Amino acid sequence: MRKQTTIDLSISLVLVLAFVALPHFYSNLTILFMMAMYMVLSQGVNLLYGLTGYMPFGYVGFFGAGAYGFSIALQHLHFPIVLALIFGVLFTSLVGVILSPLLRLSGAYFAIGNLATSQVIYGIVANSHLQGITGGGDGVDISQYFNQTASYYVMLAVLLVVMVGIIWVKRSSFGLSLQAMRDDSVSVAMSGVNVVRNRMLVWLASAAIAGLCGAIYAWFISFFYPSSVFDVSIGIFAIVFMLFGGQGTIFGPVIGTIILYGIYNVIGVSTPQYFQLAYGVLIVILVMFLPNGVLSLFKRGRRAHGRVLESRPNF
Amino acid sequence: MGAFLKVDQISKRFGGFYAVNGLSFELKQGEILGLVGPNGSGKTTCINVLSGIYAADGGTVEFDGKMIHTMPSYKISNIGINRTYQIPKCFHSLTVKENIDVALAHAKHKPQVDPVEFLELQGIMGRNAGTLNTAQQKTLDLARALATGPKLLLVDELAAGLNPEETESMTTKLLHLSEQGVSIIVVEHLLSFVHALTKRVIVMNAGKQIFEGDLESASKDPLVNQVYLGGDAV
């Protein structure tokens, strides 16, 4: 177990170092930033869905809340960047607390409820009566803080922290109790697990990850409209990348993002008319043949090998 | 020795239907009590109330000097009550070892027995719980319960699906736990299993207790015969 953790941490470090070095070989910093951002976002979805089974279709609500929390801290509270990022995360966590009654729902009801609440937040932010605070439909301009290089490296630092966090969760008894909660919340409570508290912790951690991503994204682009940070496709991309790579795994969201966001940029630039078609076909193939994601290919191999080694049950 | 568990007039209602209606009984430390009755008589609902899965609509439950009828399940597990399930409720995506590890990691009491050795699970520790048959899953439920070191064990139809040899082995194990001071409430349709475990049974019907005593006397009780066999009392 300890050896596997060391391997996982090493791979994560190599991944982040590769992204540190990549701008020296590839000049499109926006694509690199977005790829790193989607890796973090997919891990946030992975934490919530992969480990506890809650599908956050409205995940973008937290992303947008983080972007606006950060911008308000800069523009109105005149916080320095680091404090504004922290404010963005705290603001998103507050939104998470307010939306926590959603956790009483499950399955499709939770997914739809979450999507609806994200659009409610969008509606509030874009409301012209709040123009003095949020900028309303005119958007936010924080271009005086524009610094793409710094925001890129901060995103990479967040990626490293999130990867380490996911590795810890997966290897800890806390992570095990989350997976058990996903399987059966009644019998896990009888095992002494405080289900309500654990769900809340994961929900807030996942919200904070999305909020931090939104805040750094706002810093990176420095001018945005409500529609750009509450775009439902941001959350959907994070979900699809996570599912494509493998839910509940450490590197599934990373692999999914590299493959799908890579294809998105290749096809989206050269033949944008075929992009939706290619994505649709890929998702159909995924659902039909690899419902547990690309990484399940390796697991299948291991499981088949393991079955031979297992002794027969003795009753 | 005084009562370890004191159930006083508990009731549980679903809409206008009383699944348990004013049930009272006491249990001593290390004692085994059989809870029997026809389908729908309220046996499992009673277990669900005692384990905190359902909140009682009325009455009180006192265990080891603490009032527990308003406690959530995880606290009830922490103070030393655990259970098995009529339909097994193991963690399907986890291995047998991980299933037991979840309970061990949160246990507040030292287990009286090593659940793996006691239930002879060594050979299947690496298997996913979802691949086990029903009898194995029920045994795994018991292993998880034992991992928390329960002082009171609620056993819900554990013998259903076991062959005679396995049933006999399970009887020996439960009697051993009782000798270790674990109080046990056995909900069971297989009356021979109950008979081998205890002389004290409560017969329930329509949420109420209709008989308390030994199983042989119960079989001669007119009201018990009426609810089991229907028609006039024998």
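Only a predicted model underlies this, so the values are computations on that prediction, with no experimental measurement involved.

Draft legend 1. Summary view of the overall build of chain A. A count of helices and strands for chain A gives 15 helices and 2 strands. Against the 2.2 N^0.38 benchmark of 20 Å for 315 residues, chain A shows a C-alpha radius of gyration of 20 Å, consistent with a compact globule. Expressed as lengths along the three principal axes of its C-alpha atoms, the size of chain A is roughly 70 × 45 × 40 Å. In chain A, of all internal contacts separated by at least 6 residues, the share reaching a separation of at least 24 is 76%.

Draft legend 2. Representation of the sheet that holds strand β8 (residues 183-187) of chain B. All names here are of chain B. Reading across the sheet, the 6 strands line up as β6-β7-β8-β3-β9-β10 and stay open at both edges, with mixed pairing between neighbours. What marks the edges here is a single partner per strand, and that holds for β6 (81-83) and β10 (208-213). Direction aside, neighbouring strands of the sheet carry axes that sit 20° apart on average. Relative to strand β7 (residues 152-156), β6 is paired through 3 bridges, and the arrangement is parallel. Along β7, the bridge assignment pairs R83 with L154. With respect to the sheet, helix α1 (residues 43-50) is in contact with β3 (32-36), β6, β7, β8 and β9 (201-205), its orientation differing from that of β7 by roughly 150°.

Draft legend 3. Main features of the UniProt feature "transmembrane region" (unreviewed entry) in chain A. Under the present numbering, the feature "transmembrane region" (unreviewed entry) in UniProt falls on residues 7-25, 56-75, 81-102, 109-130, 150-169, 200-221 and 277-298 of chain A. Between the first and last C-alpha atoms of residues 56-75 of chain A the distance is 30 Å; the span itself is 80% helix and 0% strand.

Draft legend 4. Spotlight on the packing of helix α12 (residues 232-245) of chain A against helix α13 (residues 252-270) of chain A. Residues and elements named next belong to chain A. One can describe the packing of α12 onto α13 by two numbers: an axis separation of 7 Å at closest approach and a directional angle of 110°. For the element pair α12 / α13, the angle class is roughly perpendicular. For the element pair α12 and α13, the recorded crossing hand is right-handed. Contacts from V240, F241, M242, F244 and G245 of α12 reach α13 at G252, P253, V254, I255, G256, T257, I259, L260 and Y261. The residue makeup of the contact of α12 with α13, split by class, is 10 nonpolar, 4 polar and no charged.

Draft legend 5. Inspection of helix α5 (residues 107-126) of chain A at higher detail. All names here are of chain A. With 20 residues, α5 extends 29 Å between its outermost C-alpha atoms, agreeing within 8% with the 28 Å of an ideal straight helix rising 1.5 Å per residue. Of the positions making up α5, those classed as buried are N114, L115, S118, I121, Y122, V125 and A126. Along α5, the residues classed as buried sweep out an arc of 125° about the axis, all on the same side. Opposite the buried face of α5, by more than 90 degrees, sit the exposed residues Y109 and G123. Those residues of α5 hidden inside the fold are in contact with α3 (60-75), α4 (81-98), α6 (131-134) and α11 (226-229).

Draft legend 6. Spatial organisation of the sheet that holds strand β5 (residues 66-67) of chain B. Residues and elements named next belong to chain B. Taken together, the 4 strands give an open sheet; going across it, the order is β2-β1-β4-β5, and neighbouring strands pair in antiparallel fashion. The strands lining the two open edges of the sheet, one partner per strand, are β2 (17-27) and β5. When strand β1 (residues 5-14) meets β2, the two strands line up antiparallel, connected through 8 bridges. Considered in β2, the bridge of V7 is made with F25. Relative to the sheet, α1 contacts β1, β2 and β4 (58-63), its axis offset from that of β2 by approximately 65°.

Draft legend 7. View of the interface of chain B and chain A. Opposite the 32 residues of chain B that make contact, chain A presents 24 residues. Elements that contribute at least two residues to the side of chain B that touches chain A include exactly α2 (73-78), β6, α3 (96-106) and α5 (134-147) of chain B. If one sorts the elements of the side of chain B that touches chain A by residue count, α3(B) sits on top with 6 residues. For the side of chain B that touches chain A, a count of residues per class yields 11 nonpolar, 12 polar and 9 charged.

Draft legend 8. Summary view of the confidence of the model for chain A. Here chain A averages 90 in pLDDT, while 94% of its residues score no lower than 70. In this model residues 304-315 of chain A is a low-confidence stretch, pLDDT under 50, and it forms 12 contacts with partners more than four residues away in sequence or in other chains.

Draft legend 9. Structural view of the domain arrangement of chain B. Residues and elements named next belong to chain B. Considered domain by domain, chain B is made up of domain 1 (1-25 + 40-79 + 188-215 + 225-234) and domain 2 (86-154). The distance between the C-alpha centroids of domain 1 and domain 2 comes to 24 Å. On the side of domain 2, 6 residues touch domain 1, which itself brings 9 residues to the contact. Residue assignment for the side of domain 1 that touches domain 2 shows that the elements contributing at least two residues are α1 and α2.

Draft legend 10. Representation of the environment of B:G149 within the structure. Within the secondary structure, B:G149 sits in the loop between α5 and β7. For the pair formed by B:G149 and B:V224, sequence separation is 75 residues and the distance between their alpha carbons is 35 Å.

Draft legend 11. Looking closely at the pairing of β7(B). All names here are of chain B. A large share of β7 lies buried, amounting to 5 of its 5 residues. Two elements, β7 and β8, share 5 bridges in a ladder whose sense is parallel. Within β8, the position partnered with L152 by the bridge is S183. For the crossover that starts at β7, traverses helix α6 (residues 164-179) and ends in the parallel β8, the hand is right-handed.

Draft legend 12. How the structure looks around unusual backbone geometry. Even without being a glycine, B:E120 presents a positive backbone phi close to 55°. Note on placement: B:E120 falls in the loop between α4 (115-118) and α5.

Draft legend 13. Main features of the packing of helix α1 (residues 2-21) of chain A against helix α7 (residues 148-171) of chain A. All names here are of chain A. Taken N-terminus to C-terminus, the directions of α1 and α7 make an angle of 165°; their axes are 10 Å apart at the nearest point. Of the possible angle classes, the one that applies to α1 and α7 is roughly antiparallel. The interaxial crossing formed by α1 with α7 has right-handed handedness. Between α1, through T5, D8, L9, S12, V16, F19 and V20, and α7, the contact on the second element is made entirely by L156, L159, L160, M163, V164, I167 and R171. In terms of residue class, the contact of α1 with α7 is built from 10 nonpolar, 2 polar and 2 charged.

Draft legend 14. Structural view of the pairing of β4(B). Residue and element names in this part refer to chain B. Relative to β4, β1 runs antiparallel, the two being bridged by 5 bridges. The partner of V7 across the bridge, within β4, is V61. Relative to β5, β4 is paired through 2 bridges, and the arrangement is antiparallel. Within β5, the residue paired with F63 across the bridge is K66. The antiparallel hairpin formed by β4 and β5 contains 2 residues in its connecting segment, where D64 sits at a positive phi of about 50°.

Rules used throughout
Residues numbered from 1 in each chain as written. Chains lettered and ligands numbered in written order. Predicted model: local features only at pLDDT ≥ 70, side-chain atom pairs only at ≥ 80, totals over all residues. Helix = DSSP H or I, 4+ residues; strand = E, 2+ residues; numbered from the N terminus. Rg over C-alpha atoms; globule rule 2.2 N^0.38 Å. Contact = placed C-beta atoms within 7 Å. Pairing = 2+ DSSP bridges. Axes fitted to C-alpha atoms, helices over the stretch in contact; angles between N-to-C directions. UniProt positions renumbered as here; feature names shortened; annotations may be inferred. Parallel < 35°, antiparallel > 145°, perpendicular 65-115°, else oblique. Left-handed = near helix turned anticlockwise from the far one by under 90°. Nonpolar A, V, L, I, M, F, W, Y, C, P; charged D, E, K, R; others polar. Expected span 1.5 Å × (residues − 1). Buried ≥ 20, exposed ≤ 12 C-beta atoms within 10 Å, placed from the backbone. Arc of directions from axis to C-beta. pLDDT = per-residue confidence, 0-100. Domains from an automatic or database assignment. Right-handed = clockwise from strand over helix to strand, strands pointing away.

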